[in-house]
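Chain by chain, the residues:
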Amino acid sequence: MRTRTQVGIVGAGPSGLLLSHLLHLQGVASVIVENRSRDYVEHRVRAGVLEQAAVDLLKEAGVGERMVREGLVHNGIELRFGGRGHRIDFPSLTGGRAITVYGQQEVVKDLIAARLAAGGEIVFEAADVGVHGIDTDTPLIRYRKDGSEHEVSCAIVAGCDGFHGVCRQAIPDHAQHVFERTYPFAWLGILAQAAPSHEELIYAYHDRGFALFSMRSPEITRLYLQVAPDEDIADWPDERIWQELHTRLETDDGWRLNEGPVLEKGITPMRSFVCEKMQHGRLFLAGDAAHIVPPTGAKGMNLAVADIHVLTRALTAFFKSGRGDLLATYDATCLKRVWRAEHFSWWMTSMLHRFPDDDGFQQRLQRSQLDYTVGSRAAAASLAENYVGLPFA
Ligand SMILES: Cc1cc2nc3c(=O)[nH]c(=O)nc-3n(C[C@H](O)[C@H](O)[C@H](O)COP(=O)(O)OP(=O)(O)OC[C@H]3O[C@@H](n4cnc5c(N)ncnc54)[C@H](O)[C@@H]3O)c2cc1C
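Residues numbered from 1 in each chain as written. Predicted model: local features only at pLDDT ≥ 70, side-chain atom pairs only at ≥ 80, totals over all residues. Heavy atoms only, no water.

Asks: I'd like a rundown of the overall build of the protein chain, residues and numbers included.
Replies: Regarding its fold elements, the protein chain presents twelve helices and 21 strands. The C-alpha radius of gyration of the protein chain comes to 21 Å, within 12% of the 21 Å expected for a compact globule of 393 residues. With the principal axes as the frame, the protein chain shows a C-alpha extent of 65 × 40 × 40 Å. Summarising the internal contacts of the protein chain: among those between residues at least 6 apart in sequence, 72% fall at separations of at least 24. (Helix = DSSP H or I, 4+ residues; strand = E, 2+ residues; numbered from the N terminus. Rg over C-alpha atoms; globule rule 2.2 N^0.38 Å. Contact = heavy atoms within 4.5 Å.)

So this is what it looks like as structure tokens:
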């Protein structure tokens, strides 16, 4: 069975769904092919911090109504070390900008609802998805569903299928330049049915390792602990997780962490990764398919939104005015912002985590950097400006 469209999109994560929605607003047709079920993608708990520009874009695109109602606007974060908290105030340091805490799975739900309401086509549970003919003007996405073979024939393929997807692999090795760092630690994350005991995110630097306090709603707390990269989640019963969180997060002046039933837990590796070819022939990569950041800077989903902003503009010019210039410069435009976010995420990660082979040298540098960041308006402003996010290209 063959479907014809203008843009064939692989992946119904934030990148693929947002691209399909924004293209629809511009009158460009697309079909999304996703290998998981709708229920699975709508309940996959991942990122939760939206930069100001991402919030503005979702609002302008008409998919921000629930985010505005249910999202939590945060005007700062706290850096916590030496038993004390130090607040970084975003609006006063960035000319009035802030972030919004709203779960990635909620963004995904809103975008799926908008696409389906507008008659958009999303194929869920597609098996053996592959992209073909990207060096020609008529590329294809092939997949199997319900026992039959399907093809989406299009003019452009958008690879929005995340880090483990198939699209990046379609770019020949000789055309890719990959940069990668893995870190000697991972994050153990939990979602707990507990009222947040603080209004803003807390990034805690502690002798026993990093911890992050965050939230998803007035009833749900999201918490992370630095652990070893090969840590087995089975070795972390809930009591051990809570004990470690209390130790790393609590302060000398009596701040205490609320506990509650653990709804979900998992371990995420920490990686920096950039594929410096985000386009090849008629294939364009966006979001995690092209780059990964360690989550310390809360940049993953925001980078995906920024790529899609650039790609939508380029595809609209291509389909509506026959202009290929913005497509030709797509990856150069995105990579400037990608590398800024890569640097910020690496910097935050390096400042806040304990390195296993450290003889004390790195620890002293970290304390010096933390003291400087909270003691100097210029240093605090640099963190704040990157955290709330630089303007989209
Ligand atoms: C476990 C985890 C925790 C994270 N936590 C944070 C965080 O706390 N903060 C933060 O900022 N960022 C976090 N991130 C990163 C953030 O979630 C991503 O940057 C964001 O999801 C990128 O969106 P995307 O649409 O590009 O990719 P994804 O969200 O990965 O979407 C890709 C989609 O493609 C689908 N797909 C994959 N392969 C195929 C295929 N072969 N065929 C068809 N479809 C396919 C997938 O099922 C998925 O729906 C986390 C990521 C992970 C993996």
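Asks: Describe in detail the sheet that holds strand 19 (residues 279-280), supporting the description with residues and values.
Replies: Spatially, six strands are ordered 9-3-2-13-20-19 in an open sheet, and the strand pairing comes out mixed. Only two strands of the sheet have a single partner each, and these edge strands are strand 9 (121-123) and strand 19. Pairing of strand 19 with strand 20 (residues 283-285), which is carried by two bridges, proceeds in the antiparallel orientation. Bridging from a neighbouring strand, His280 pairs with Leu283 of strand 20. Strands in contact with helix 8 (residues 300-321) are strand 2 (7-10), strand 13 (156-159) and strand 20; relative to strand 13, the strand with the most contacts, it is inclined by about 175°. (Pairing = 2+ DSSP bridges. Axes fitted to C-alpha atoms, helices over the stretch in contact; angles between N-to-C directions.)

Asks: If you had to explain unusual backbone geometry to someone new, which residues and values would you point to?
Replies: Positive phi, normally seen in glycine, also occurs at Asp146, with a value near 50°. Structurally, the position occupied by Asp146 is in the loop between strand 11 (140-145) and strand 12 (148-153). The residue Ala298 is not glycine, and still its phi comes out positive at about 55°. By secondary structure assignment, the location of Ala298 is in the loop between strand 21 (291-292) and helix 8. Taking relative accessible area as the criterion, Ala298 reaches 17% and is therefore assigned buried. (Buried < 20%, exposed > 50% of the residue type's maximum accessible area, 1.4 Å probe, protein only.)

Asks: Any chance you could break down the site of the ligand for me, citing the residues and the numbers?
Replies: Among the 30 residues in the neighbourhood of the ligand, the closest are listed as Ser15, Glu34, Arg44, Gln104 and Asp288. A distance of 3.2 Å separates a nitrogen atom of the ligand from a polar backbone atom of Asn35. Relative to its unbound accessible surface of 990 Å², the ligand loses 85% to contact with the protein. Elements represented by at least two residues in the shell around the ligand include exactly helix 1 (14-25) and helix 8. (Near = heavy atom within 4 Å. Polar contact = N/O pair within 3.5 Å; in protein donor to acceptor, adjacent residues only side chain to side chain. Areas by Shrake-Rupley, 256 points an atom, 1.4 Å probe, with all protein chains shown as cover.)

Asks: I'd love a proper account of the sheet that holds strand 8 (residues 99-101), names of residues and values included.
Replies: Spatially, 4-8-5 is the arrangement adopted by the three strands of the open sheet, whose pairing is antiparallel. Edge positions in the sheet fall to strand 4 (49-50) and strand 5 (72-74), since each has one partner strand and no second.

Asks: Report on the packing of helix 10 (residues 330-352) against helix 12 (residues 377-388), specifying residues and quantitative values.
Replies: Interhelical geometry of helix 10 versus helix 12 gives an angle of 125° and a closest axis separation of 10 Å. It follows that helix 10 is oblique to helix 12 by the angle criterion. Of the two possible hands of crossing, helix 10 and helix 12 adopt the one that is left-handed. On helix 12, the residues touching Arg340, Phe344, Trp347, Met348 and Met351 of helix 10 are Leu383, Asn386 and Tyr387. Counted by class, the contact of helix 10 with helix 12 contains six nonpolar, one polar and one charged residues. (Parallel < 35°, antiparallel > 145°, perpendicular 65-115°, else oblique. Left-handed = near helix turned anticlockwise from the far one by under 90°. Nonpolar A, V, L, I, M, F, W, Y, C, P; charged D, E, K, R; others polar.)

Asks: Describe the nonpolar core, with residues and values.
Replies: In this structure, Leu19 and Leu50 are the most contacted members of the largest nonpolar core, which totals 77 residues. Of all the elements, helix 8 adds the most residues to this core, at nine residues. Beyond its immediate stretch of four places on either side in the chain, Leu50 contacts Val55, Leu58, Met67, Ile99, Thr100, Tyr102, Val107, Met301 and Asn302. Listed in part, the 52 residues of the second largest apolar core include Phe90, Trp187, Trp242 and Phe355. (Core = buried A, V, L, I, M, F, W, Y, C linked by side-chain atoms within 4.5 Å.)

Asks: Break down the packing of helix 11 (residues 361-375) against helix 12 for me, citing the residues and quoting the values.
Replies: Each packed pair of helices is defined by two parameters, the angle between the axes and the distance between the axes. One can describe the packing of helix 11 onto helix 12 by two numbers: an axis separation of 5 Å at closest approach and a directional angle of 95°. On the basis of the axis angle, helix 11 is roughly perpendicular to helix 12. Between helix 11 and helix 12, the residues in contact are Tyr372, Thr373 and Gly375 and Arg377, Ala379, Ala380 and Leu383, respectively. Residues belonging to the contact of helix 11 with helix 12 are distributed by class as follows: four nonpolar, two polar and one charged.

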